Amino acid sequence: MDAIRAEGLTKRYGSTVALDALDLRVAPGEVFGYLGPNGAGKTTTIRLLLGLHRPSAGRAALFGVDAWGDPVRAHRKVAYVAGEPFLWPSLTSAETFEFLARVRGGADADYRETLIDRFRVDPDKKVRALSKGNRQKVQLVAAFASRAELLILDEPTAGLDPLMEVAFRETVREAKARGQTVFLSSHILSEVEAVCDRVGILRAGRLVDQGTLEQLRHLSAHTVEVTFDGPAPPLPPLAGVSASPAGASALRLEVTGDLRPLLAALSELPVAALTSREPSLEEIFLHHYDASDGRVGR
């Protein structure tokens, strides 16, 4: 049974389509990265998965339970971290942890203490005195300490410093090792690349691509940079290869498909140095996304 399943999931706000016919499946134990800039429809998707908004069409289910039709039962296996942390200002962090644990029906107290140390949370400080980043850490500690089967995280590292981002990644890996499912909505490409098994790319409310990083890289251009012994010579026409100058004696080649015809052609030329690399997640993302027309949903 899928941890998350969306079928034709659509949300309209008047004439604006914030999410358009989303089909998505996330397996138990998977860390799934949901990518898109602000305005692409990520938060709308999460609100539909949590049963906070009624879909205009389609359906969403968590572990087989309809998210809108039976949200109470659907939420029993879920912990959620919001992109904007709204907590109770008069409570301390420790009181917030206890309250959320009681609402959910318990938490792993020993692991919570580990996370308090890891994220450097002051348990005695009132929420009203915390910065956004520190309130975000309170949310993260409470969610991961719940040991929920499904963690839905909406921009979870917003406001965190680089050291805390490292702590977050370590905690996600621990959750995966325990068999928990993580749905990570983010626009921070390095974060997703570091921890996720699969990635979905959302553009203007539509899921334009999904797969493992290896699968997505296979669909994108491979970059080869070649330095020659002398001026860069012209290359013969090769299918799937585009060349651009990278200096008087160098070329940058973008290759889609098989590299072997290019390597055969280069073997006949005075090559002094050659480097080859796969596309980064950022390059894959930019291949799919044009920021000029992508700001449709939230």
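This section reports on the structure supplied with the text. It should be emphasised that the depicted structure is a prediction, and the values quoted were computed from it without experimental measurement.

### Re the layout of surface pockets
Moving on, step 1. For the largest pocket, the calculated volume is near 670 Å³.
Moving on, step 2. Lining the largest pocket are 27 residues, with V78, A79, Y80, L100 and V103 positioned closest to its centre.
Moving on, step 3. Taken together, the elements giving at least two residues each to the lining of the largest pocket come down to α2 (71-75), β6 (78-81), α3 (93-104) and α5 (132-145).
Moving on, step 4. Per element, the largest residue contribution to the lining of the largest pocket is six residues, and it comes from α3.

### Section: a nonpolar patch on the surface
Moving on, step 1. A cluster of nonpolar residues, W88, F99, L100 and V103, forms a patch on the protein surface that exposes about 360 Å² of accessible area.
Moving on, step 2. Relative to the assigned elements, V103 resides in helix α3.
Moving on, step 3. Of the residues examined, V103 reaches a relative accessible area of 59% and is grouped as exposed.

### Topic: the environment of S93
Moving on, step 1. Position of S93 among the secondary structure elements: in helix α3.
Moving on, step 2. Residues in contact with S93, not counting those within four places in the same chain, are V121, D122, P123, K125, L130 and V138.

### Here's the deal with the packing of α3 against α5
Moving on, step 1. Where α3 meets α5, the axes come as close as 10 Å, and the angle between the chain directions of the two elements is 35 degrees. Judged by the sense of rotation from one axis to the other, the crossing of α3 with α5 is right-handed. For the pair α3 and α5, the contacting residues are S93, T96, F97 and L100 in the first and V138, V141 and A142 in the second.
Moving on, step 2. Among the residues forming the contact of α3 with α5, the class breakdown is five nonpolar, two polar and no charged.

### Quick look at the pairing of strand β8 (residues 181-186)
Moving on, step 1. Across the six residues of β8, six count as buried, placing the element largely inside the fold.
Moving on, step 2. Across the two faces of β8 the burial is the same, with T181, F183 and S185 and V182, L184 and S186 all buried.
Moving on, step 3. Across five bridges, strand β3 (residues 31-35) lies against β8 in parallel orientation. Following the sheet pairing, V31 is matched in β8 by V182.
Moving on, step 4. The sheet contact formed by strand β7 (residues 150-154) and β8 spans five bridges and is parallel. Counted as the bridge partner of D154 is S185 from β8.

### A few points about the packing of aromatic side chains
Aromatic ring pairs are reported here in terms of the distance separating the ring centres and the angle at which the planes meet.
Moving on, step 1. For the structure on display, the rule yields four aromatic pairs.
Moving on, step 2. Between F32 and F183 the ring centres are 5.9 Å apart and the planes differ by 5 degrees, which places this aromatic pair in the stacked class. In this pair, F32 sits in strand β3 while F183 sits in strand β8, placing the two residues 151 residues apart along the sequence. F183 carries the same exposure label as F32, and that label is buried.
Moving on, step 3. Aromatic ring contacts, followed pair by pair, group F32, Y34 and F183 into a single cluster.

### A look at helix α6 (residues 162-177)
Moving on, step 1. Given a rise of 1.5 Å per residue, 16 residues ought to cover 22 Å, and the 23 Å separating the end C-alpha atoms of α6 matches this to within 8%.
Moving on, step 2. Residues M164, A167, F168, R169, T171, V172 and A175 constitute the buried set of α6.
Moving on, step 3. Those residues of α6 hidden inside the fold are in contact with β3, α4 (109-118), α5, β7, β8 and α7 (189-195).
Moving on, step 4. Among the residues of α6, the N-terminal cap falls to D161, whose side-chain oxygen and the backbone nitrogen of L163 are separated by 3.0 Å.
Moving on, step 5. Just downstream of α6 lies G179, where phi reads positive at about 90 degrees.

### A few points about the pattern of salt bridges
Moving on, step 1. Tallied over the entire structure, the rule returns 16 salt bridges.
Moving on, step 2. A salt bridge links K42 to E155; its shortest N-O distance comes to 3.5 Å. Here E155 lies in the loop between β7 and α6 and K42 lies in helix α1 (residues 42-49), a separation of 113 residues in the sequence.
Moving on, step 3. Its relative accessible area of 4% is what places K42 among the buried residues.
Moving on, step 4. On the basis of relative accessibility, which here comes to 12%, the residue E155 falls in the buried class.
Moving on, step 5. The residue R112 makes a salt bridge to E98 at a minimum N-O spacing of 2.6 Å. Of this pair, R112 sits in helix α4 while E98 sits in helix α3, and the two are 14 residues apart along the sequence.
Moving on, step 6. When its relative accessible area of 9% is taken as the criterion, R112 is described as buried.
Moving on, step 7. Look at the salt bridges and you will find they share partners, linking D2, R5, E7, R25, R59 and D66 into a network.

Cut-offs applied
Residues numbered from 1 in each chain as written. Predicted model: local features only at pLDDT ≥ 70, side-chain atom pairs only at ≥ 80, totals over all residues. Heavy atoms only, no water. 1 Å grid on protein atoms, 1.4 Å probe; cavity = no way out; pocket = protein on both sides within 12 Å on 5 of 7 lines; lining within 4 Å. Points joined across faces, edges and corners; volume = space filled by probe spheres on them. Helix = DSSP H or I, 4+ residues; strand = E, 2+ residues; numbered from the N terminus. Patch = residues over 30% accessible without salt bridge, like charges linked within 9 Å, V, L, I, M, F, W, Y side chains within 5 Å. Areas by Shrake-Rupley, 256 points an atom, 1.4 Å probe, with all protein chains shown as cover. Salt bridge = Lys/Arg side-chain N within 4 Å of Asp/Glu carboxyl O. Buried < 20%, exposed > 50% of the residue type's maximum accessible area, 1.4 Å probe, protein only. Contact = heavy atoms within 4.5 Å. Axes fitted to C-alpha atoms, helices over the stretch in contact; angles between N-to-C directions. Left-handed = near helix turned anticlockwise from the far one by under 90°. Nonpolar A, V, L, I, M, F, W, Y, C, P; charged D, E, K, R; others polar. Pairing = 2+ DSSP bridges. Phe/Tyr/Trp six-rings, centres within 6.5 Å; stacked < 30°, edge-to-face > 60°. Expected span 1.5 Å × (residues − 1). Polar contact = N/O pair within 3.5 Å; in protein donor to acceptor, adjacent residues only side chain to side chain.

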